[in-house]
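Close look at the chain arrangement
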Amino acid sequence: MVRRLRAAVVPVVLIVLIALSGVALGRIYADDLLMQLVAGAGLGSVGVGVAVRRLPSWTVAPISVVVLAGYTAVALKVAAGRAGLDDPLPQIVTDAVANGIPRLLTAMIPVESTPDTVVVPVVAAWLAGLAGTEVAVRAGRVLLGCLPATALYGGALYVVGPNAGSAGWATLAFAAAVIVALAVTVRSPGGPAFADVPPETRTAVRGRALAGSAAGLVVLAGLVAAVGPWVGGRVSATPVDPRRYVEPPQVDSLDESPLNRISGWALAPEQRLLEVGPSGKGRGTVRLRLAVLPDYDGITWRVGATYRNAGRVLPAPALLPGVPVDRVTQQITVDELTGRLLPVVPTPAGVDGTRVAYDAATGTVIRPEELRPGLRYTVTSDTQEPDYNLLPGADAPTGDPVARFLTVGANVPEEIQRLADQLADGNGAAYDRAAAIEEFLAEHYRKVADAPSGHAYPNLSFFLFGPRDQGGQRGTSEQFAASFALLARLTGLPARVVVGFDAPGAGGTVNGGDAVAWPEVLFDDLGWVAFDPLPKSDEAPRPVEDDFTPKPSKAPPTSDPPTATDTPSASAPPLVAAPPARGRGGPSTAVVASGAGGSVVLLLVAAAAAVVLMRRGLRRRRLTTGAPGERITGAWFEFTDALRLAGRPVPDHLAATEAAAFAATAPPPRRRPARRTNLALRRSVPPDAGEARPAQPEGDETRLAAQPEGLELPPLGDLVSAVNTVAFAPGAATPEQADRAGVQAVAYADALRETRPWWRRAWWSVHPGPLRWHPDAGSKR
């Protein structure tokens, strides 16, 4: 009986060790489901190992893996039911197995127990139980059998990192369990077999045992002396967070700067984007927040958020002290809204109905997959409305914590800086500066729906100071919000741009015309406060020139100019020096000049010929040598080089499909001067504007006016498809794809070149730029 009890101790200890690993990992989970599933995995794996211990050892692993598959399916079904997922079980299992590790390491803490966040711990716990049972129970190596569970426990502590408190009691319980297993399984030196050993042999064995124990004690003492200080220092150190080595979900180019989409929505005001349910806010308007843009480099306002996979319950937002919290619950159904960003009432506390990723710094939410029509989700938000009567006396924070919201791109245009200085002059209080900027924009500019998109420095300069008869001083909420935020930062106010929608509080449809961008300024004790720089009426705005002169006038002369007198120096033509006498020896000046000029011409012709030959060789290498993926990359370089030679370089943030659309919607300049009516219809920004104009709908006069007559550039579908294959399925590209991509790239480049004036076509052929624009790609070939 005692012997059976001792034999049962080791399996029980292994189960306890695995369960303690679940306890250690479960500290970062939102509920106790993970701990239960890990303990169940330990019980199942050890139980299977004990049950089949009398079978041949090679049969244990297959039997245990079959039982593991069944247990994992049950565990994932339970987790899916707890998370409210109604997808088919095969789809849930496939998605969890394929994405378990990255989603576990990118999940928002506290982690919700969903199929993709429990599958890895469950499988790891089962494998640790299987290995430990085989070594400790079948082979009788108890200490070695505890190593798999020890590795599992260490892995749990590593995954937790600095995101939970100390696991002191669990670690002590783990060590105590191991000691119990070793104590009850130690073999006694007595017994019938040992009684027959001669006394001399027993003495020698005991002496050797004592010597070995003494040597082990010395080695242990040396390790403690050598490693002890380092271990002691690590006790108080902050653990490493493995999440910093894993890239969280990123927004794509469509969602990186949704401010660019405002003009497109303004041109389609009846487009049905969302259906919202009642918010409990009455019959007024509820503002939904789509994205927060804190980063500006002089070209684009960007999201710049770090999204972490989150469950239905989001981390509690930082609330303003002493301000009442109003909880709002609203159901939203997606109609024609695209991208991955989810509109929510700020600040969300929970999202139900879809899997999301969350950025706690901005309170914005994205969906790992693209939005689809009919997607329905429910958002629960905690809203606060501070006492805005405190604004006049509120200060704006400064220093490193808000440096991100004060940063602007280099080379701010002089006239914008002068306008900011003028608006800040005499307004020492933070709120006074913000109010002055808001009032200036609302009184001097007109809001229109057909203004071109863009908020780079050239776009904002044209919006702020461009002539009204050429389309200046008018824009969408994009230009108003971007101008306010830029001017606010230049006056020392931490500011950002927000994009969202004005939704009916009683529920209804949100259309494209409801899209809006607005600026926000950060104040101490009040948080982010929204401002409205849009015009408050339809009256004609005041001319900017009445209150601000974009360029300083020239200083008047300090004295009257001298009066001309009737003297040779004032009235007579200047004297011309006589040419020097021609020397009798050596070639004449004309001969020397002719020879030097001819040499220079020959050198230029030789250089041009060399560039032409090198360019042809580069194209040949790009399109004919290397693997299909390399040839497709070379075709893409031919396409982007052509646009760059045409003066329309592809922005770095565009994906392949968007770059093709950019090439189609950014027409080359005409060969003949455009008529004045076309210029008026285009209302274009200055030619050095940093962003492309969005595509206009069919039949729009702007697009018709900008498109040259008779121009039809070749399609780029095969090239885009091949580039996407290389990017998202490396190694899957075929030689036929590479051939088609090369043909399309060359056809597009040649057609684009033919639209240039004759002198641009000549310069196109000898331009050395393509030889140095992609040095890394060239070195790999």
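Structure's up top.
Residues numbered from 1 in each chain as written. Predicted model: local features only at pLDDT ≥ 70, side-chain atom pairs only at ≥ 80, totals over all residues. Heavy atoms only, no water.

Two numbers describe how helix H13 (residues 414-424) lies on helix H14 (residues 430-444): the axes approach to 9 Å, and their chain directions differ by 120°. Classified by the angle between their axes, H13 and H14 sit oblique to one another. When the axes of H13 and H14 are compared, the crossing they make is right-handed. For the pair formed by H13 and H14, the contact residues are Leu419, Leu423 and Ala424 on the first element and Arg433, Ala436, Ile437 and Phe440 on the second. Taken together, the residues of the contact of H13 with H14 break down into six nonpolar, no polar and one charged. (Axes fitted to C-alpha atoms, helices over the stretch in contact; angles between N-to-C directions. Helix = DSSP H or I, 4+ residues; strand = E, 2+ residues; numbered from the N terminus. Parallel < 35°, antiparallel > 145°, perpendicular 65-115°, else oblique. Left-handed = near helix turned anticlockwise from the far one by under 90°. Contact = heavy atoms within 4.5 Å. Nonpolar A, V, L, I, M, F, W, Y, C, P; charged D, E, K, R; others polar.)

In this section: the sheet that holds strand E9 (residues 356-359). Strand order in the open sheet formed by four strands is E5-E9-E10-E7, with antiparallel pairing between adjacent strands. What marks the edges here is a single partner per strand, and that holds for strand E5 (308-310) and strand E7 (341-342). (Pairing = 2+ DSSP bridges.)

Turning next to the packing of helix H3 (residues 60-83) against helix H5 (residues 115-138). At a closest axis distance of 10 Å, the pairing of H3 and H5 adopts a crossing angle of 150°. The orientation of H3 relative to H5 falls into the category roughly antiparallel. Crossing of H3 over H5 shows right-handed handedness. Residues Val60, Ser64, Val67, Leu68, Tyr71, Thr72, Leu76, Ala79 and Ala80 of H3 form the contact with H5, whose own contacting residues are Pro115, Val118, Val119, Val122, Val123, Trp126, Leu127, Leu130, Glu134 and Arg138. Residues of the contact of H3 with H5, tallied by class, amount to 15 nonpolar, two polar and two charged.

So, about the pairing of E9. Taking every second residue as pointing to the same face, both faces of E9 are buried, with Val356 and Tyr358 on one and Ala357 and Asp359 on the other. As paired strands, E5 and E9 are joined by three bridges and run antiparallel to one another. The residue of E9 that forms the bridge with alanine 310 is valine 356. Of the strand pairs in this sheet, E9 and strand E10 (residues 364-366) are connected by three bridges, and their pairing is antiparallel. Along E10, the bridge assignment pairs tyrosine 358 with valine 365. The antiparallel pairing of E9 with E10 creates a hairpin that spans four residues between the two strands, and glycine 363 there sits at a positive phi of about 70°. (Buried < 20%, exposed > 50% of the residue type's maximum accessible area, 1.4 Å probe, protein only.)

Purely geometric stuff here, so don't read any function into it on its own.
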